[in-house]
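# A look at the structure
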Amino acid sequence: MNYIKKLSERNRLMDSKIVRDSLSTFGVDNLISLAAGHPAAESLDYELFKESVDKVLGKNDLSLMNYSFSNGIPQLREAVARFLKRTQNLEIDSRSVGISSGSQVTIDTVCKAFLDEGDVVLVEECTFLAALQSMQSCKAQIVPIPMDSEGIIISEYERLIEKYDVKLTYLIPTFQNPSGYTLSEQRRTALAKIIKYNDLIVLEDDPYGHINFNDKQINSIYSLAAENVIYLGTFSKSIGPGLRVGFYTGPFELIDQINAMRFSVDVHANVLAQNVVVEILDNERFYTNVKKMSSIYKVRKDIMVEALNKYLPESYSYAEPEGGMFIWLQGENDIDSDLIYKKAINNGVSFVPGTLFTPNKLDGKNKLRLNFSSPDLKSIDEGIKKLSEIL
Ligand SMILES: Cc1ncc(COP(=O)(O)O)c(C=O)c1O
């Protein structure tokens, strides 16, 4: 039987094979993976996780095994509101907080909620590939906003909202995936003004904000324009991605719609995991570990930058990130990162080709995403050396 022919056009629109190929290079013998965005094993607090699981299971509470609320258990919604007050000084009513099975499922739900076929969604010039897949599956028109190392260029954003009837803007403004870039304070303020004035909705995805290499607090776009932003957070990078717990907040009317849609998407997040996250967020050791995590990643970033300075051909450039997990290499226009990827694998190192992150594949041809959070220090130096040999 031709199984592929049976699949939907939506499925065919999603070009996911090379994604699986490059991400599956993690943990393969004799191959240094600079591809996957996994947390460093040393950064995960297994003791705290285990203690919290034991505590939850010790309650002998049968509700852990039962169906629950689509928007999450009230204890976690309240814990998230306290967490946002503590970490970002945000005053949020827990009724406007929803608990997700991680941010990607909420991106997918928001795309379904906002985007009909042909609707325009604006995204950063390079962006999170799973979000692009969700938008593609809605048959949306995905329009890239030109950016530089300070994030999207505001005059370009203004030009695009003038030109198109924009339904949604999806942004990862802080320590972006894949570029590592952060939208500057000045541009955040300008963007907030524009979206308020034009009644636009921004989906702000913030999985990396806490992996901050400086002490400088970065204000979310949500904090500047709460009526116009759906803000996504996740515990994938601060506790562990295996738990599949994240959250969303924003204008109550929209959050209520997303909650209602959850029923057809994933019903609700895992109840055991939600209870475990409540315990973890109430423990001071969580906050200590997040700090430790940032310092582990800063050391890895420094080693990667040192190796790039040592080995990288002069025709490549990058901006040093101030947080997050990635460095975005940019080569001359005539290079082909898909071809380089094949050569790199044969030379014992992997990365993710830029074409996977750009709505127009050609825009990513001369770009490469490097991850510094998962490889150890020795592998980072060796990996950059191996990669530079074939660049
Ligand atoms: C920008 C961005 N958004 C969302 C996610 C998905 O996070 P989660 O594990 O919470 O689904 C990731 C994961 O890598 C990401 O990089």
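Residues numbered from 1 in each chain as written. Predicted model: local features only at pLDDT ≥ 70, side-chain atom pairs only at ≥ 80, totals over all residues.

### Details of the overall build of the protein
- The helix and strand tally for the protein stands at 15 helices and 14 strands.
- Computed over the C-alpha atoms, the radius of gyration of the protein is 21 Å, within 12% of the 21 Å expected from 2.2 N^0.38 for a compact globule of 391 residues.
- Each principal axis of the C-alpha distribution contributes one length, and for the protein these read about 55 × 55 × 50 Å.
- Expressed as a percentage of the 391 residues in the protein, the buried residues total 46%.
- Counting contacts in the protein only where the partners sit at least 6 residues apart, residues at least 24 apart contribute 74% of the total. (Helix = DSSP H or I, 4+ residues; strand = E, 2+ residues; numbered from the N terminus. Rg over C-alpha atoms; globule rule 2.2 N^0.38 Å. Buried ≥ 20, exposed ≤ 12 C-beta atoms within 10 Å, placed from the backbone. Contact = placed C-beta atoms within 7 Å.)

### Thoughts on the packing of helix α5 (residues 74–88) against helix α12 (residues 271–281)
- Close contact between α5 and α12 brings their axes to 9 Å; oriented N to C, the two are set at 35 degrees. The handedness of the crossing between α5 and α12 is left-handed. For the pair α5 and α12, the contacting residues are Q75, L76, A79 and F83 in the first and Q274, V277, V278 and L281 in the second.
- Here the residues of the contact of α5 with α12 sort into 6 nonpolar, 2 polar and no charged. (Axes fitted to C-alpha atoms, helices over the stretch in contact; angles between N-to-C directions. Left-handed = near helix turned anticlockwise from the far one by under 90°. Nonpolar A, V, L, I, M, F, W, Y, C, P; charged D, E, K, R; others polar.)

### Section: the nonpolar core
- V121, M135, V277, F351 and L370 are the most contacted members of the largest nonpolar core, which has 96 residues in total.
- Two domains each put at least three residues into this core: domain 1 (3–44 + 287–390) and domain 2 (47–285).
- Setting aside its immediate chain neighbours within four residues, M135 contacts C111, L115, V121, A140 and I142. (Core = buried A, V, L, I, M, F, W, Y, C linked by C-beta atoms within 7 Å. Domains from an automatic or database assignment.)

### A closer look at the site of the ligand
- Around the ligand, the structure places 13 residues, and the nearest of them are G102, S103, Q104, T234 and S236.
- Counted by class, the shell around the ligand contains 4 nonpolar, 8 polar and 1 charged residues. (Near = placed C-beta within 6 Å.)

### Looking at the environment of K139
- The topology assignment puts K139 in the loop between α7 (129–137) and β4 (141–145).
- Remark: the alpha-carbon pair of K139 and L76, spanning 63 residues in sequence, is separated by 34 Å.
- Once residues within four sequence positions are removed from consideration, K139 is found in contact with E117 and G118.

### Quick look at the sheet that holds strand β2 (residues 97–100)
- An order of β2-β10-β9-β8-β7-β3-β4 is seen for the 7 strands of this open sheet, with the pairing classed as mixed. Of all the strands in the sheet, the pair left with one neighbour each is β2 and β4. Between one strand axis and the next, the sheet turns by 20 degrees as a mean value, whatever way the strands run.
- Strand direction decides the pairing type here: strand β3 (residues 120–124) and β4, joined by 5 bridges, are parallel. Paired with E124 across the strands is I145, a residue of β4. (Pairing = 2+ DSSP bridges.)

### Describing the environment of V271
- Locating V271 in the fold gives a position in helix α12.
- C-alpha of V271 to C-alpha of G246: the two residues are 25 residues apart in sequence and 13 Å apart in space.
- Residues contacting V271, with those up to four places away along its chain left out, are L64, S68 and I73.

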